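Overview (structure and organization)
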Amino acid sequence: MGTPANVVRLQPVGIEFEVEENETVLDAAFRQGIALPHGCKEGQCSACKCVLTGGEVELKKYSTFALNEMERGQDYILLCRTLAYSDLEVELLNYDEEVLSKSIPVRDFTGTVTSVSALTHDIRLLEISLEQPLKFWAGQYVDITLPGAETITRSFSMANSPIEGEKLTFIIKKYPNGRFSSRLDGDLSAGTAVGIRGPYGTCFRRENRAGAIVLVGGGSGMSPLWSILHDHIESGEARPVHFFYGARTRNDLFYLDRFAELAARHPEFKFIPVLSHAADDAAWSGAKGFVHEAVGAHLRNARYGEDVDVYACGPSPMIEALVPVLQLNDVESDRIFFDKFTPANN
């Protein structure tokens, strides 16, 4: 007879769920369709930091940047690293009623690679078909596990809109010596079976809201924003949408023809590519500099105030530079949604 499950009680929302032996609290919540704040799921980012107000726990290995010694001494925990040794009482530091209301249970799926194609010199489009459709919200991501002697699992955001749940597409940036991405130009060919687990993520499109939408991306951050953009268009909501995309040079841009077609069909939509290494490119007449600077100038001129939703997806330095710009331009914190992309350590 197995060890009975322990119960986790979340305050102030009053939610209860069971956690099994050797299962982290966050994984137990995912399994039962309870969407709690999370990011890396590996004890690196602090997004799932909470306060333990009752019960006995053990924490798996984590980064002290995410949870320092002083915080741990004050009973702060990371849900993605917490194993329950008794019933627990946990005080959530951050939670979103809309996220909780849209929870989707995390499930395992079997997928088959249908194609891999080049979008730029270092960005690939990966297409995977599923045996069963995956329900997700635009902007969410899954974990993809590759077959082979060693298990390689990476997180990637869907680029397709949720209505296409049986065929997933991913815009993926290749990294030098990347154990996953290096396989995109070789042995990850059509017909390869892969494991899919998800959905995860809280940076998804919020529905039926007033005001403008500002999308900000860089690198493979295009993937979830492409999904959010098309989900918004399919919804029929009439809102101004400005999409800022940061890249180094023109060689790093793609989908320009598709963006032009969207802008022609939807006058309220505008795509603004911003090049950081185009100072000597006389042929480039578009925006130059860093993408957060272009967004700041736009917000100062547009004067949206609180009447704007911002979705930002891309490298950590981009997000860290952008958030203060948004705050200085009076964008409310509960209308800023972001997903930091970090290359895997192994």
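Residues numbered from 1 in each chain as written. Predicted model: local features only at pLDDT ≥ 70, side-chain atom pairs only at ≥ 80, totals over all residues. Heavy atoms only, no water.

1. As for helix H7 (residues 316–328)
Here H7 spans 19 Å end to end across 13 residues, near enough to the 18 Å set by a 1.5 Å rise per residue. Where H7 is buried, its residues touch strand E14 (212–218), helix H6 (291–302), strand E18 (308–315) and strand E19 (336–341). The positive-phi residue at the C-terminal boundary of H7 is Asp330, with phi of around 65°. (Helix = DSSP H or I, 4+ residues; strand = E, 2+ residues; numbered from the N terminus. Expected span 1.5 Å × (residues − 1). Contact = heavy atoms within 4.5 Å.)

2. Focus: the pattern of salt bridges
Inspection of the entire model under this criterion finds 18 salt bridges. Residue Asp309 pairs with Arg335 through a salt bridge whose shortest N-O separation is 2.6 Å. One end of the pair, Asp309, is in strand E18; the other, Arg335, is in the loop between H7 and E19, with 26 residues separating them in the sequence. You'll find Asp309 and Arg335 in the same group, each marked buried. (Salt bridge = Lys/Arg side-chain N within 4 Å of Asp/Glu carboxyl O. Buried < 20%, exposed > 50% of the residue type's maximum accessible area, 1.4 Å probe, protein only.)

3. So, a negative patch on the surface
On the surface, a cluster of negative charge is contributed by Glu306, Asp330, Glu332 and Asp334. Turning to its location among the elements, Asp330 is positioned in the loop between H7 and E19. (Patch = residues over 30% accessible without salt bridge, like charges linked within 9 Å, V, L, I, M, F, W, Y side chains within 5 Å. Areas by Shrake-Rupley, 256 points an atom, 1.4 Å probe, with all protein chains shown as cover. Lys, Arg positive; Asp, Glu negative; His and termini not counted. Charge placed at Lys NZ, Arg CZ, Asp CG, Glu CD.)

4. Description of the side chain of Ser181
Relative to the elements of secondary structure, Ser181 occurs in the loop between strand E12 (167–173) and strand E13 (193–200). According to the relative accessible area criterion, Ser181 is buried, its value standing at 6%. Among the polar contacts made by the side chain of Ser181, one reaches the main-chain amide nitrogen of Tyr175 at a distance of 3.1 Å. (Polar contact = N/O pair within 3.5 Å; in protein donor to acceptor, adjacent residues only side chain to side chain.)

As far as function goes, none of this settles anything; it's purely spatial.
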